[in-house]
Amino acid sequence: MPIVQQGFLNTTALSVADVYIQIVPPQFLINGVPSNVLGLVGSATWGPVNQPQIVGSPAQFKAKFGPYQARQYDMGTWATIAFQQGATAIQCVRVTDGTDVAATVQAQASAPKATGKISFSGQPTASQTITLNGTAVTFVASGASGLQVNIGANLAATLASLLTLLQGSSDTQLVKFTYALSGTDLNLTAATGGTAGNSLTVATTATGATVTNMSGGAAAAPALTLTSKYTGSFGNGIKVTIQPGSAVGTSQVLVAAPGLASEKFDNIGGSGATFWANVVAAINGGQSGARGPSDIITATIGTSSASPQTATYALQGGTDGVTGLNATALLGVDTAPRTGMYALRGQKVAVAALCDVTDTTSWATQVAFGLGEGVYMITSGPAGQDPQTAATAKATAGIDSYAMKIMLGDWVYWNDTANGLPQRLVSPAAFAAGLLSALSPNQSTLNKQLQAVVGTEQSASGQPYTTADLQILAGAGIDVICNPVPGGNYFGCRNGRNASSNDVIHGDNYTRMTNYIATTLDAAMGIYVGKLQSATTRRQAKTTIDSFFGNLQQQGLIGTPSGRDDAWASVLDDSNNPASRVALGYMQADVQVQYLSVIEYFLVNLEAGQSVQIERKSVNFAV
């Protein structure tokens, strides 16, 4: 009794008597793609660069990208504001100017010190000298003062006096050495390790004395170099402790960073170079059955084979690479490996923004990306912008598209609790982007209350927008955050519009719903490619489409004002699939969808007066 999937058995060529079971798949139905994913591109103090990472809360953002900063292009600020508006999923792309550096530290690093000596074969005579890195010490017969040494009864006494003077001197050059006697040799050692000690100079005029120049100083030879997993200043807060392990004769490595779960690599054994190799293996590869690799640091073996000493090492030198950031860096490049905005390709984001980018020359590129990816791009003008300037800037940039939402550069005062700035000025686009990602795609930002707004530049001036101001903005396809809005005395988006001049598609809801439907169909309908175009396949495909739009209408995402008729129509039959196209492999479905209109203008006609007559009709109900 063979059991096969439908289509895997030629039912016209059976030759063996048996029961044949074909599994027929049920009708395929569509579930919409997520419409709540916000994409942000900006700077951070931690995390991978140009690699999208999804976060669902401020705490998760901090763990992946570090705390937000009070600076331009900061992605954490935007993410925090978006979460305050109700955002639940953000694809974050960290960008840098290319100068970002990972924090590092060398563990048990000891730099060899340079050594040298002066060998005496007899007593020096008066006025003869030794000169150490430019400072001369003079031998005198008696009455020594300053940098002078009395010649003793014998060479041993003279050298003892010389040693006392050198060890007690505070001369800036003499303190660069340490001193010891070995017979008739004055041994010299550089006070600090490293190659610099090789440059210290030694000379003498003492009769019969010889000089061995300073040498042997070398760069530090660490047992281990520890490097933060990611570049950025957050890495400067990482501390690594090496201490005795839980098992006798072993060591453990503890890794700690602010706000991140600490890591422990325990019971690391071995001695000398083997021990340090085991530490590297544990940090980079994890410990089988105990834990995985470190999420905070990486380790590189050094050349020292010294035994481990209990110590804590602080990583340092990490930089964020933000000084040279600009619109170009945030836009990125669209070739592999993609960077900046283009790293969001294929990440299924519905709304996206380049944090704090106000450069109008970038808008056309953003629009092209939004149209190609089905993403609603959010931007704003620079702080302090007035309506007429904004309208002129948009016209000059040549932007007339539903793929972008432009906010007036009336920046928002926001309470930055992390950095102690109760009235920090931030971009209004951050609030609009966060709200849009939280709303259902059939909704508009018009009249919706925004959270965490302390005020705006305009409201702080005490001068509300006039009808003329709002008319300029509405006519130009520019939105603005203000207080009041039609719904009351709260801060909200005043227009709820995209940047299109077409009155029937200029609403937020058009962009969001059109992108939502298009991306859902794109993700789902591919199941029919490769099937045979038959009446059954056509029926199944049409049923898939109709069921999706039926669900949209049932849930109120599409509809008619009366609520009585279907808000969509689909055609998939011979009328739009002629044989000439079917023969070429085409199958075409034509779909029309009616969106629920967003009320922008509520007109109430009022007739009132003493002469007004109200006519009421009674209704008799049948019994």
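Going by what an unreviewed UniProt entry lists, the protein chain is known as Phage tail protein and is assigned to Labrys neptuniae.

Trainee: What's the story with the overall build of the protein chain in this structure? I'm lost.
Mentor: Secondary structure assignment for the protein chain yields 13 helices and 30 strands. The globule rule puts the C-alpha radius of gyration for 623 residues at 25 Å, and the 38 Å found for the protein chain is more than 25% above it. Each principal axis of the C-alpha distribution contributes one length, and for the protein chain these read about 140 × 90 × 55 Å. Going through the 623 residues of the protein chain one by one, you find that 42% of them count as buried. Across the protein chain, the fraction of contacts at a sequence separation of at least 24, relative to all contacts at a separation of at least 6, is 67%. Split by element, the accessible area of the protein chain, about 30,200 Å² in all, is 53% carbon and sulfur. Separation between the mean location of the 29 positive side-chain charges and that of the 33 negative ones in the protein chain comes to 6 Å.

Trainee: Explanation requested: the sheet that holds strand β16 (residues 239-244) in the structure shown.
Mentor: One key point about sheets: their strands pair by backbone hydrogen bonds, in either a parallel or an antiparallel sense. Read across the sheet, four strands follow the order β18-β17-β16-β20 without closing on themselves; strand pairing throughout is antiparallel. Edge positions in the sheet fall to β18 (263-268) and β20 (311-314), since each of these pairs with one other strand and no more. Between one strand axis and the next, the sheet turns by 15 degrees as a mean value, whatever way the strands run. In the sheet, β16 pairs with strand β17 (residues 251-256) via six bridges, with the strands oriented antiparallel. For Pro-244, the partnering residue across the bridge sits in β17 and is Ser-251. The sheet strands contacting helix α4 (residues 272-285) are β16, β17 and β18, and the helix crosses β18 at an angle near 145 degrees.

Trainee: I'm lost on the sheet that holds strand β9 (residues 135-140) in this one. Help?
Mentor: A sheet is described by the order of its strands in space; here four strands give the open sequence β10-β9-β8-β13, paired in mixed fashion. Two strands bound the open sheet, and with one partner strand each, they are β10 (148-150) and β13 (202-204). This sheet shows a mean twist of 20 degrees between the axes of neighbouring strands, independent of strand direction. One ladder, built from three bridges, connects β9 with β10; its direction is parallel. Along β10, the bridge assignment pairs Val-140 with Asn-150. Packed on one face of the sheet, helix α3 (residues 155-168) meets β8 (129-132), β9 and β10 and runs near 150 degrees to β10.

Trainee: Could you clarify how one ought to interpret the pattern of salt bridges in this entry?
Mentor: When the charged atoms of two side chains lie near each other, side chains of opposite charge can form a pair. All chains considered together, the criterion is met by 13 salt bridges. Between Lys-229 and Asp-295 there is a salt bridge, with the nearest N and O atoms lying 3.8 Å from each other. Linking Lys-229 in strand β15 (residues 224-231) with Asp-295 in the loop between α4 and β19 (297-301), this pair joins segments that are 66 residues apart in sequence. With relative accessibility at 37%, the residue Lys-229 sits in the partly exposed group. On the basis of relative accessibility, which here comes to 49%, the residue Asp-295 falls in the partly exposed class. For Glu-263, the salt bridge is made with Arg-291, and the minimal N-O distance between the two is 3.8 Å. With Glu-263 in strand β18 and Arg-291 in the loop between α4 and β19, the pair connects residues that are 28 residues apart, well separated along the chain. In this structure Glu-263 comes out as buried when scored by relative accessible area, which is 5%.

Trainee: What is the right way to read the pairing of β15 from this model?
Mentor: Look at any regular strand and the pattern is simple: side chains alternate between the two faces of the sheet. Examined bridge by bridge, strand β6 (residues 102-107) and β15 share five bridges and lie antiparallel to one another. Paired with Gln-106 across the two strands is Thr-225, which belongs to β15. In the sheet, β15 pairs with β19 via five bridges, with the strands oriented antiparallel. Directly across from Leu-224, in β19, lies its bridge partner Ile-301.

Trainee: Help me out: how do you make sense of the side chain of Thr-511 in this one?
Mentor: Within the fold, Thr-511 resides in helix α11 (residues 508-524). Contact partners of Thr-511, with chain neighbours within four places excluded, come to Tyr-376, Tyr-402, Ala-403 and Asn-498.

Trainee: Which parts of the structure should I look at to understand the packing of helix α1 (residues 58-65) against helix α2 (residues 75-84)?
Mentor: Geometry of a packed helix pair, given as the angle between the helix axes and the separation of the axes. The contact between α1 and α2 brings their axes to 10 Å, and the two run at 165 degrees. The angle between the axes of α1 and α2 places the two elements in the roughly antiparallel class. Here α1 runs over α2; the crossing is right-handed. Here α1 contributes Pro-58, Phe-61 and Phe-65 to the contact with α2, which in turn contributes Met-75, Gly-76, Ala-79 and Phe-83. Each residue belonging to the contact of α1 with α2 can be placed in one class, and the counts come to six nonpolar, one polar and no charged.

Trainee: So what exactly am I meant to see when it comes to the packing of aromatic side chains here?
Mentor: Remark: the centre distance and the inter-plane angle together describe each pair of aromatic rings, the angle taken between the planes. Applying the stated criterion across every chain, the model contains 13 aromatic pairs. A centroid spacing of 6.5 Å and a plane angle of 85 degrees characterise the contact between Phe-120 and Phe-139, whose relative ring orientation is edge-to-face. With Phe-120 in the loop between β7 (115-119) and β8 and Phe-139 in strand β9, the pair connects residues that are 19 residues apart, well separated along the chain. Both residues of the pair, Phe-120 and Phe-139, belong to the buried class. A cation over a ring is seen here: Arg-581 above Tyr-586, with NZ or CZ 4.1 Å from the ring centre.

Trainee: For this particular structure, what's the right way to read a nonpolar patch on the surface?
Mentor: The grouping of Met-1, Ile-3, Val-19, Ile-21 and Ile-23 at the surface amounts to a nonpolar patch, some 450 Å² of accessible area in total. Within the fold, Met-1 resides in the segment before β1 (3-5). Residue classification places Met-1 among the exposed positions, given a relative accessible area of 61%.

Trainee: Would you take a moment to explain α11 for this structure?
Mentor: A rise of 1.5 Å per residue sets the reference length of α11, with its 17 residues, at 24 Å; its end C-alpha atoms lie 24 Å apart and thus fit the reference within 8%. Among all positions of α11, only Asp-508, Asn-509, Thr-511, Arg-512, Met-513, Thr-514, Asn-515, Tyr-516, Ile-517, Thr-520 and Ala-524 are buried. Residues of α11 that are buried make contact with β21 (351-354), β22 (376-380), β23 (404-407), α8 (428-438), α12 (535-554) and β30 (590-593).

Reading the values: the criteria
- Residues numbered from 1 in each chain as written.
- Predicted model: local features only at pLDDT ≥ 70, side-chain atom pairs only at ≥ 80, totals over all residues.
- Heavy atoms only, no water.
- Helix = DSSP H or I, 4+ residues; strand = E, 2+ residues; numbered from the N terminus.
- Rg over C-alpha atoms; globule rule 2.2 N^0.38 Å.
- Buried < 20%, exposed > 50% of the residue type's maximum accessible area, 1.4 Å probe, protein only.
- Contact = heavy atoms within 4.5 Å.
- Areas by Shrake-Rupley, 256 points an atom, 1.4 Å probe, with all protein chains shown as cover.
- Lys, Arg positive; Asp, Glu negative; His and termini not counted.
- Charge placed at Lys NZ, Arg CZ, Asp CG, Glu CD.
- Pairing = 2+ DSSP bridges.
- Axes fitted to C-alpha atoms, helices over the stretch in contact; angles between N-to-C directions.
- Salt bridge = Lys/Arg side-chain N within 4 Å of Asp/Glu carboxyl O.
- Parallel < 35°, antiparallel > 145°, perpendicular 65-115°, else oblique.
- Left-handed = near helix turned anticlockwise from the far one by under 90°.
- Nonpolar A, V, L, I, M, F, W, Y, C, P; charged D, E, K, R; others polar.
- Phe/Tyr/Trp six-rings, centres within 6.5 Å; stacked < 30°, edge-to-face > 60°.
- Lys NZ or Arg CZ within 6 Å of the ring centre and 35° of its normal.
- Patch = residues over 30% accessible without salt bridge, like charges linked within 9 Å, V, L, I, M, F, W, Y side chains within 5 Å.
- Expected span 1.5 Å × (residues − 1).

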